[in-house]
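Read off the chains here:
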Number of protein chains: 2
Amino acid sequence: MIDPTARKPPYLQVADILAERIKAGQYPKDSRIPTESELVEEFEIGRNTARRAVEVLRERGLVETVPTRGSYVL
Amino acid sequence: MIDPTARKPPYLQVADILAERIKAGQYPKDSRIPTESELVEEFEIGRNTARRAVEVLRERGLVETVPTRGSYVL
DNA sequence: CTGTATTTGTTCGTATGTATT
DNA sequence: AAATACATACGAACAAATACA
């Protein structure tokens, strides 16, 4: 799924995949995207990398993160 | 704040600035100095450079670093 | 009310790759 | 060649808040 050798770093690859899913309606508005742990498992990445990916989605205004809850599609 | 072109490398410049602050009592004994991330932001340097700066303070016996906690003034 | 599980927040440790001087 | 610097990544540990049985 993720290519660690690609020019695009893993955290961006993951962010883009998640953004695609949001755009496609796979994660509907107000729904919660996968937790950091789930992203770690699905994409076989470290937690920090998962966090960075979600951070990108926040910066893009795609999700909102609620501590102890998760990140929700806007 | 930091001059990347100076003869003194950034990590030493940062270390010296922090040492000054400790000496001046800006960071009192037993208090925590800024985290690596905070140093990255304040001085606009990379994380490795921030780490190097703190390493210098350790070598000078000015601080003690506790994994997952931070570095504390001695 | 109490304990446990879940989830994000924070922070340092370590390593790799690339670029510049 | 060596030192310096930055970006990226994974690991580990602990805190804090929330949810739930």
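Residues numbered from 1 in each chain as written. Chains lettered and ligands numbered in written order. Predicted model: local features only at pLDDT ≥ 70, side-chain atom pairs only at ≥ 80, totals over all residues. Heavy atoms only, no water.

Colleague: Where do I start with the environment of glycine 46 of chain A in this structure?
Modeller: All names here are of chain A. Within the secondary structure layout, glycine 46 lies in the loop between α2 (36–43) and α3 (47–59). The class of glycine 46 is partly exposed, set by a relative accessible area of 37%. Between the C-alpha atoms of glycine 46 and tyrosine 11, which are 35 residues apart in sequence, the distance is 9.7 Å. (Helix = DSSP H or I, 4+ residues; strand = E, 2+ residues; numbered from the N terminus. Buried < 20%, exposed > 50% of the residue type's maximum accessible area, 1.4 Å probe, protein only.)

Colleague: Would you mind showing me how to read the protein's contact with DNA strand C here?
Modeller: Close to DNA strand C lie 24 residues; Arg47 and Arg51 of chain A together with Arg47, Arg51 and Thr68 of chain B are nearest. Taken together, the sugar and phosphate atoms account for 59% of what DNA strand C places within 4 Å of the protein. In the environment of DNA strand C, a phosphate oxygen lies 3.1 Å from a nitrogen or oxygen atom belonging to the backbone of glutamate 36 of chain A. Between DNA strand C and arginine 47 of chain A there is a distance of 2.8 Å, counted from a base nitrogen to a side-chain nitrogen or oxygen. Listed by contribution, the elements that provide at least two residues to the surface near DNA strand C are α3 and β1 (63–66) of chain A together with α3 (47–59) and β1 (63–66) of chain B. Looking at the surface near DNA strand C residue by residue, the class counts come to 4 nonpolar, 10 polar and 10 charged. (Near = heavy atom within 4 Å. Polar contact = N/O pair within 3.5 Å; in protein donor to acceptor, adjacent residues only side chain to side chain. Nonpolar A, V, L, I, M, F, W, Y, C, P; charged D, E, K, R; others polar.)

Colleague: What is the right way to read the protein's contact with DNA strand D from this model?
Modeller: Taken together, 23 residues are adjacent to DNA strand D, and Pro10, Tyr11 and Thr49 of chain A together with Pro10 and Thr49 of chain B come closest. In the environment of DNA strand D, a phosphate oxygen lies 3.3 Å from a nitrogen or oxygen atom belonging to the side chain of arginine 52 of chain A. Counting only elements with at least two residues in the surface near DNA strand D, the list comes to α1 (10–23) and α3 of chain A together with α1 (10–23) and α3 of chain B. Residue composition of the surface near DNA strand D, grouped by class: 8 nonpolar, 8 polar and 7 charged.

Colleague: Help me out: how do you make sense of unusual backbone geometry in this one?
Modeller: Phi is mostly negative for residues that are not glycine, and the peptide bonds are mostly trans. All names here are of chain A. The backbone of glutamate 44 shows a phi angle near 50°, a positive value even though the residue is not glycine. As for its position among the elements, glutamate 44 is in the loop between α2 and α3. Exposure remark for glutamate 44: the relative accessible area of 72% places this residue in the exposed category.

Colleague: Would you take a moment to explain the confidence of the model for chain A for this structure?
Modeller: Reading predicted coordinates in detail is not appropriate for stretches of low pLDDT. A residue-level look at chain A finds 100% of positions with pLDDT of 70 or above and a mean pLDDT of 94. The secondary-structure element of chain A with the lowest mean pLDDT is α3 of chain A, recorded at 94, while strand β2 (residues 70–73) of chain A shows the highest, at 97. (pLDDT = per-residue confidence, 0-100.)

Colleague: Looking at this model, I keep getting lost on the packing of aromatic side chains. Mind explaining?
Modeller: Within this structure, the stated rule accounts for 0 aromatic pairs over all chains. A cation over an aromatic ring shows up here: arginine 52 of chain A above the ring of tyrosine 11 of chain A, its NZ or CZ 4.0 Å from the ring centre. (Phe/Tyr/Trp six-rings, centres within 6.5 Å; stacked < 30°, edge-to-face > 60°. Lys NZ or Arg CZ within 6 Å of the ring centre and 35° of its normal.)

Colleague: Got a minute to help me understand the environment of serine 37 of chain A in this structure?
Modeller: With respect to the helices and strands, serine 37 of chain A occurs in helix α2. Serine 37 of chain A sits 19 residues away from valine 56 of chain A along the chain, and the two C-alpha atoms are 17 Å apart.

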